[in-house]
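A look at the structure
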Amino acid sequence: MSLAEASEARKARLMALRNRKAGVDDGSLIKSRNFDPESRTVRKRNPLDDIEDTIEKNVEGLAEMIISEDEQRRAQDLDVFNIAPKRPNWDLKRDMDKKLAKLERKTQEAVHTLIRELE
């Protein structure tokens, strides 16, 4: 859009705004959700026309159900055997893997040097 076109569009918008403020009717239809252009009357709101399938109705009671399930789980006895890991020393093995990798490399180097000396 060129500068001249932009200025013309702005002038047209400003003129429409001035006419609207002055109350001059330019013959356009009223743009409103409550206006019926065919009968040119205001629509009455009918509460029965509301959409019945809403998110609120779909999740109604969901919060209470979740809270009750949570309370039931908390009421159950806490079983220590379910919490404890199956292998009690898994974290020790995890921490030692790095050190064992270095040690394995040095062990292999020592074995190779011993083999070379024997030959």
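Procedures and definitions
- Residues numbered from 1 in each chain as written.
- Predicted model: local features only at pLDDT ≥ 70, side-chain atom pairs only at ≥ 80, totals over all residues.
- Heavy atoms only, no water.
- Helix = DSSP H or I, 4+ residues; strand = E, 2+ residues; numbered from the N terminus.
- Buried < 20%, exposed > 50% of the residue type's maximum accessible area, 1.4 Å probe, protein only.
- Areas by Shrake-Rupley, 256 points an atom, 1.4 Å probe, with all protein chains shown as cover.
- Salt bridge = Lys/Arg side-chain N within 4 Å of Asp/Glu carboxyl O.
- pLDDT = per-residue confidence, 0-100.

**Overview of the overall build of the protein chain**
The helix and strand inventory of the protein chain stands at five helices and two strands. Expressed as a percentage of the 119 residues in the protein chain, the buried residues total 2%. Total accessible area on the protein chain stands at roughly 12400 Å², and carbon and sulfur atoms take up 56% of it.

**Here's the deal with the pattern of salt bridges**
A full pass over the atoms with the stated rule returns two salt bridges. Ionic pairing is found between Arg74 and Asp70, a salt bridge with its closest N-O pair at 3.3 Å. Taken as a pair, Arg74 and Asp70 lie in helix H3 (residues 62-75) at a separation of four residues, close to a single helical turn. By relative accessible area, Arg74 is classed as exposed at 67%. By relative accessible area, which is 33% here, Asp70 ends up partly exposed. Here Arg94 makes a salt bridge to Asp95, at a shortest N to O gap of 3.4 Å. Residue Arg94 is classed as partly exposed on the basis of its relative accessible area of 47%. On the basis of relative accessible area, Asp95 is assigned to the partly exposed category, the value being 45%.

**Remarks on the confidence of the model for the protein chain**
Keep in mind that low pLDDT regions are not for reading the predicted coordinates in detail. Per-residue confidence for the protein chain gives a mean pLDDT of 80; residues scoring 70 or more make up 76%. When mean pLDDT is compared element by element in the protein chain, helix H5 (residues 90-118) scores highest at 90, while helix H4 (residues 80-83) scores lowest at 66.

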